[in-house]
Every structure is written in C-alpha cells, then in structure tokens.
Amino acid sequence: MTSLEQMDRAELQMFYEAALKEYESCKAKGLKLDMSRGKPSRAQVALSNDMLNIDVVSNAVTDGIDAFNYGGLDGLPICRRFFADTLGVKPEQVFVGGNASLQLMYDTIAKAYTHGLLHSEKPWSKLDKIKWLCPAPGYDRHFKVTQAFGMELITVPMNDDGPDMDMVEKLVAEDPAVKGMWCVPKYSNPDGIIYSDEVIDRIAHLKPAAKDFLLMWDNAYCIHEFDGEFRPFRDILTLCSEAGNPDMVFEFASTSKITFPGSGVACFACSEANMAYMKKLISAQTISFDKINQLRHALFLKDRATALVHMKKHAEFLKPKFDIVLEYLEREIKPLDIGRWHTPKGGYFVSFFTIPGCAKRTNQLAKEAGVVMTAAGATYPYGIDPEDSNLRIAPSYPPVEELKEAMSVFCTCVKLAAAEKLLAEK
Ligand code: PMP
C-alpha cells in the first residue's frame, strides 16, 4: 500500500472518499463504546471477590493492633510489610493510607502549601511562584493536581527511556522556583515506558536549587506486567539516599489495579525523617485510616510473590485486548504511515501519535461515531498538546468484541483526519 504522504492529489482524493464512506457506515451503526479511562474490566475486578470472603473477624488483631478500632496511623504493620516487599523498601519507610494514591499525592503537595516540607523555609503558599516539571505525554490527573494549586507547569519531553534529563537537570539546578516533578517510572501513563537505569540514576543525583525539591515517584504500575515476566525495578529511596538526596523523594503505589479501583489501599514510601515529619502533620487530620480494608488486602495479597500470581490472572484478560489494539494499528495504520505508537508490556494504555495536527480531529470524529476516548491534549499540561498528535487508547474495560469495533472506528477516524489534513495541504 502507498503511504498517504506519497499519494498524488487524485489518489489522496480517492482515499479520502473511501475513508469518508467507511466513516459514514460506522456512524450509521449508532455505537456507544468507551475507551476513555484505564479501568479494569468487570471480569478483572471479579478476580478479587475472594478477598471479601476472608475472615477478618478472626484475624482482627495483628502485631498487637486491632484493625477494628482506632490506632495505627501509619497503617497495619502487616500491610506496611506487603507494600514494603512489593516496592523493595523497608516497612518503616511505608505509610499506608486510604483508598487511593492520588489522594495521598494531592495531600503531600497540599501539605507543602500549608506547612512546607521537611526542608522548606516556609510554606509554598507564601511563595510568589512555583514551577513544576511535567514529563509529557503524562497522566492527566497528575497535571490537574499541580494545576489546581496554581503552579506553572513546564512540559518536559518524554524520550523512549524516560524524561529528557538534560532539560530536567538544567531547570532543576538553575531555578529555585522549580519545586518538583512527576514521574511514573514503570509503564508510564500513557506511553508504557520504563525509565532506563541511566535516567533513574540521573534523577536520584539531581542537584536542585530548591532545598525542598519534591520528586513525586508514582509507581502505580510496579507489578503490572500483562506481557511476559515481572521486570524488577530499582528502589528509588535507596538511590536518592546514596546520592545525598534522602528526603527528596516520595514514592506512591496502590492496589487500585490489583484489587478494586476506588476501594483498594494506597501507600507512600519515604525516608524515615520525612515519615516522622509527615506523621506529625497527618495526625492532626485523622486518627487512623480504614484498617479493615488494609487487613483484607494484606491477608489476600500477602507479599510481592503472591501478588504477582494474582497479576498473572489480570494479564490473561489484558494481553488479548492489547493484542487487538496493536493488530488493528499494524494492519490499518502502519502501511499508510499516518501514526506511530508504543508497544507496552505492562500498564493500562497504548499511546498513539497521529500525524501532527490531527489528534483533536480524530478524537472528535470518533466521538461523533460513538467511540469515547480520553480528550486529545489531556496527556499534556493544561490539556494543550503542542503538536496536537497524542491520543491515549485505554483498551482494558470494553469486552473483546466491543473493543474490536471501537478500534475499527478509531482507525477509520485516524485515516479520515489524516486524509483531510493532507488534502488541505496539497
Ligand atoms: N497514578 C497513575 C500513573 C495512574 O495511571 C492512575 C490510574 N489511572 C493512578 C495513579 C490512580 O491511582 P489511585 O487509584 O491509587 O489513585
């Protein structure tokens, strides 16, 4: 097949008309399909139903703490040990909170504003300007958190091995207003990229001008392989500590995509000095979190090895769906050379890049044909993709037959938007 760029005007016109016809017939089907959010399917969440049958009553007291009563602000030791084993850190470095890591992330930044962090001279709310590094494409909700506090968000390009570290090192070292950075080191949302060892070393060795620089290390997909074996990852707390930055990093994780999203358990991990500082602040906020849910999760998931067995069951549902997405892209888009994408082995997304200037149009066409996707631009700070190119495909939730239909519509929309653009240029 000739690539779209190589077609002359007449060929392109014919291609456009065929794509339009295909699109009109998609539209006539009156579909209602959703590929917008990275949610486990119904069958996947059912994998954890047995957790609800665990006898928590007989196991109420563990390590001398009664899960059925107040106490244990930093979480049940049994649950701290689960997260410590999973993240490769020490139990005393883990704080187990409530149902969602995003809430802990927001709260960490909120505390920087209200009280300051361990090494802050004053609360961030007293500063004129705060800047934040946002590797992009990235997770829209991360960007929203920092935007909600009125920070200036700085887009850092994502390379195949992680954020552009030349840019990060320069910005961080030169400007004390740069107070932090979002990172999803394993199976990044949406690209599915694993940061290389070199990138991680450079991050740990940053020399920030801001003494209270905050590295938000969101390890949301730390054990979330759907293709192949578990890929070990490095302990960022130790690396930062060895690099002379022990208090720079907060690591986050949750069971949202292990058990029940919204009803899982979340944690942060940090240096012991940060832990003491944060515990004091959090103790003014709550007496303790939901320890019954912590107990259920700890008894069900036990340790990393047991959790990995459970993740294999998720993979059985996820892998075929990612295969479908990639098959459609390979077959429908690749020969035309009107898009590129990553092929992740874990996480929840396929990051797709249209030819520049076509993401919004593709998204709009898909919406009008009944296929809802994450808004174009959402993967960039302020929702503005400078190239108007990136689209996030979330294949996990729809059943296989619906996903096939949604991908067929999506590919038609990519073709139509590209043909419109190239025709207008010729
Ligand atoms: N971090 C990343 C990178 C995510 O992709 C998601 C979910 N899409 C979350 C955090 C949300 O996690 P939680 O449910 O623990 O807030």
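Residues numbered from 1 in each chain as written. Predicted model: local features only at pLDDT ≥ 70, side-chain atom pairs only at ≥ 80, totals over all residues. Heavy atoms only, no water.

Caption draft 1: Just the layout of surface pockets, in detail. As a volume, the largest pocket reaches approximately 570 Å³. In terms of lining residues, the largest pocket is bounded by 24 residues, among which Leu-102, Tyr-139, Arg-141, Ser-256 and Lys-257 are the most central. Within the residue set of the lining of the largest pocket, elements represented by two or more residues are helix H4 (101-114) and strand E10 (249-254). Grouping the constituent residues of the lining of the largest pocket by class yields 10 nonpolar, 8 polar and 6 charged. (1 Å grid on protein atoms, 1.4 Å probe; cavity = no way out; pocket = protein on both sides within 12 Å on 5 of 7 lines; lining within 4 Å. Points joined across faces, edges and corners; volume = space filled by probe spheres on them. Helix = DSSP H or I, 4+ residues; strand = E, 2+ residues; numbered from the N terminus. Nonpolar A, V, L, I, M, F, W, Y, C, P; charged D, E, K, R; others polar.)

Caption draft 2: Focus on the site of the ligand. Around the ligand, the neighbouring residues are Ala-100, Ser-101, Leu-102, Tyr-139, Val-184, Asn-189, Asp-218, Ala-220, Tyr-221, Ser-254, Ser-256 and Lys-257. Contacts to the ligand include Asp-218, whose side-chain N or O atom sits 2.5 Å from a nitrogen atom. Between the ligand and the protein, one listed contact pairs an oxygen atom with a side-chain N or O atom of Ser-256 at 2.6 Å. The fraction of the free accessible surface of the ligand (400 Å²) that becomes covered by protein chains is 88%. The cavity that encloses the ligand is the largest pocket. For the shell around the ligand, the per-class residue count stands at 6 nonpolar, 4 polar and 2 charged. (Near = heavy atom within 4 Å. Polar contact = N/O pair within 3.5 Å; in protein donor to acceptor, adjacent residues only side chain to side chain. Areas by Shrake-Rupley, 256 points an atom, 1.4 Å probe, with all protein chains shown as cover. Sits in = over half its atoms within 2 Å of the grid points.)

Caption draft 3: Inspection of the environment of Leu-308 at higher detail. By secondary structure assignment, the location of Leu-308 is in helix H11 (residues 304-333). On a C-alpha basis, the gap between Leu-308 and Cys-270 in space is 23 Å, while along the polypeptide they are 38 residues apart. With residues up to four places along the chain from it excluded, the contact list for Leu-308 reads Ile-223 and Phe-230. (Contact = heavy atoms within 4.5 Å.)

Caption draft 4: Quick look at the pairing of strand E9 (residues 214-218). Most of E9 is tucked away, with 5 of its 5 residues classed as buried. What you see with E9 is no split at all: Leu-214, Met-216 and Asp-218 on one side and Leu-215 and Trp-217 on the other are buried throughout. Inspection of the sheet shows strand E8 (residues 178-183) paired to E9 by 4 bridges, in the parallel sense. Directly across from Met-181, in E9, lies its bridge partner Leu-215. As for the winding sense of the linkage, the β-α-β connection from E8 through helix H7 (residues 197-204) to E9 is right-handed. For E9 and E10, the ladder comprises 4 bridges, and the chain directions are parallel. (Buried < 20%, exposed > 50% of the residue type's maximum accessible area, 1.4 Å probe, protein only. Pairing = 2+ DSSP bridges. Right-handed = clockwise from strand over helix to strand, strands pointing away.)

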